[in-house]
Amino acid sequence: AVALPSATIREHLAFLSQAGVHPTHLIPKSCALSAWPKRGRIGSAQGPTGILEVGGTGCDLIVVEDGEAVFSRKISFGAAGLTKEMAGVLMTEQGQVSLTAAEAATVKRSVGIPPAEAAGLGMRGVSGMQIFSLIRGSLERLAVETERSIAFYSESSEQAAVNELFLVGGGAHLKG
């Protein structure tokens, strides 16, 4: 089950109905994600497990303990925003350039977070360092917010510290 705008949910339900599948329940994303460790699909550590769902428009951090979501927080970082940042204005030997949204999406899918030493990425002579400079701030904010959220949970809970974090969602496939 997924939590989306109601129009999107209706589209998916219509598609499933055409396939002969008739769902009986729609549940919140945090409940759906918390079922994974309970069923043994992810997580091997004892104690709380963190799940960071990286979506196109935002992230959801969920801490799961004994198959139950015990903490949930939205983090304002989305893979679509990263694509938009990659299309920012850069200076190259050819002068001022910017990648189109399609070119930025291609770089994101094929290269991901480019290593600093990456030379031209095949897109108008833009280097890996230049792309990284455009997206570094957002990636650092995601890391800091994730760390702060886990620290908040650990400090305010009597449970053990979170020692595993799983990335899921479309944005989790970002290379690097």
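For clarity, every value in this text was computed on a predicted model and none was experimentally measured.

Caption draft 1: Main features of the overall build of the chain. If you tally the helices and strands in the chain, you get 5 helices and 6 strands. Scanning the chain from its N terminus toward the C terminus, one meets helices and strands in the order α-α-β-β-β-α-β-β-α-α-β. The buried share of the chain, taken over its 176 residues, is 38%. Here the analysis covers contacts within the chain between residues at least 6 apart in sequence; of these, 53% occur between residues at least 24 apart.

Caption draft 2: Broad picture of the packing of helix H3 (residues 79-86) against helix H5 (residues 128-156). Packing of H3 against H5 leaves a shortest axis separation of 8 Å and a crossing angle of 150°. One way to sum up the angle between H3 and H5 is to call them roughly antiparallel. At the point where H3 passes H5, the crossing takes the right-handed sense. On H5, the residues touching Leu82, Glu85 and Met86 of H3 are Ile131, Leu134, Ile135, Ser138, Leu139 and Arg141. Across the contact of H3 with H5, the residue classes tally to 6 nonpolar, 1 polar and 2 charged.

Caption draft 3: Broad picture of the packing of H3 against helix H4 (residues 101-110). Closest axis-to-axis distance for the H3/H4 pair is 8 Å, and the angle between their directions is 115°. Crossing of H3 over H4 shows right-handed handedness. Between H3 and H4, the contacting residues are Ala79, Ala80, Thr83 and Met86 on the first element and Ala101, Ala104, Ala105, Val107 and Lys108 on the second. Of the residues in the contact of H3 with H4, the class split is 7 nonpolar, 1 polar and 1 charged.

Caption draft 4: Local environment of the pattern of salt bridges. Evaluated as defined, the whole model comprises 4 salt bridges. Across the salt bridge formed by arginine 136 and glutamate 140, the nearest N and O atoms sit 2.7 Å from each other. Pair noted here: arginine 136 and glutamate 140 are both in helix H5, with a separation of 4 residues, about one helical turn. Here arginine 136 falls in the partly exposed class, since its relative accessible area comes to 44%. Taken together, the salt bridges that share partners define one network made up of Arg73, Glu145 and Arg148.

Caption draft 5: Fine view of H3. Along H3, the residues that are buried comprise Ala79, Leu82, Thr83 and Met86. On an axial view of H3, the arc spanned by its buried residues comes to 100°, and they lie on one face. Against the buried residues of H3 lie H4 and H5.

Caption draft 6: Expanded view of the packing of aromatic side chains. Taken as a whole, this structure holds 2 aromatic pairs when the rule is applied. Arranged with centres 5.8 Å apart and planes meeting at 50°, the rings of phenylalanine 71 and tyrosine 153 form a pair that is tilted. Remark: tyrosine 153 occurs in helix H5 and phenylalanine 71 occurs in strand E3 (residues 68-75); sequence separation between them is 82 residues. Of the two residues examined, phenylalanine 71 and tyrosine 153, each falls in the buried class. Of the aromatic side chains, those joined through ring pairs into one cluster are Phe71, Phe152 and Tyr153.

Caption draft 7: Layout of the environment of serine 72. Position of serine 72 among the secondary structure elements: in strand E3. Sequence separation between serine 72 and leucine 61 is 11 residues, and the spatial gap between their C-alpha atoms is 5.6 Å.

Caption draft 8: Up close: the environment of leucine 52. Along the chain, leucine 52 turns up in strand E1 (residues 49-54). With 22 residues separating them along the chain, leucine 52 and lysine 74 place their C-alpha atoms 9.6 Å apart. With residues near it in sequence (within four places) discarded, leucine 52 still touches Cys59, Asp60, Leu61, Ile75, Leu142, Thr146, Leu165, Phe166, Leu167 and Val168.

Caption draft 9: Spatial organisation of the side chain of serine 138. Structurally, serine 138 is set in helix H5. One polar contact links serine 138 to glutamate 85, side chain to side chain, over a distance of 2.5 Å. For serine 138, the contacting residues outside a window of four places in its chain are Phe77, Leu82 and Glu85.

About the cut-offs
Residues numbered from 1 in each chain as written. Predicted model: local features only at pLDDT ≥ 70, side-chain atom pairs only at ≥ 80, totals over all residues. Heavy atoms only, no water. Helix = DSSP H or I, 4+ residues; strand = E, 2+ residues; numbered from the N terminus. Buried < 20%, exposed > 50% of the residue type's maximum accessible area, 1.4 Å probe, protein only. Contact = heavy atoms within 4.5 Å. Axes fitted to C-alpha atoms, helices over the stretch in contact; angles between N-to-C directions. Parallel < 35°, antiparallel > 145°, perpendicular 65-115°, else oblique. Left-handed = near helix turned anticlockwise from the far one by under 90°. Nonpolar A, V, L, I, M, F, W, Y, C, P; charged D, E, K, R; others polar. Salt bridge = Lys/Arg side-chain N within 4 Å of Asp/Glu carboxyl O. Arc of directions from axis to C-beta. Phe/Tyr/Trp six-rings, centres within 6.5 Å; stacked < 30°, edge-to-face > 60°. Polar contact = N/O pair within 3.5 Å; in protein donor to acceptor, adjacent residues only side chain to side chain.

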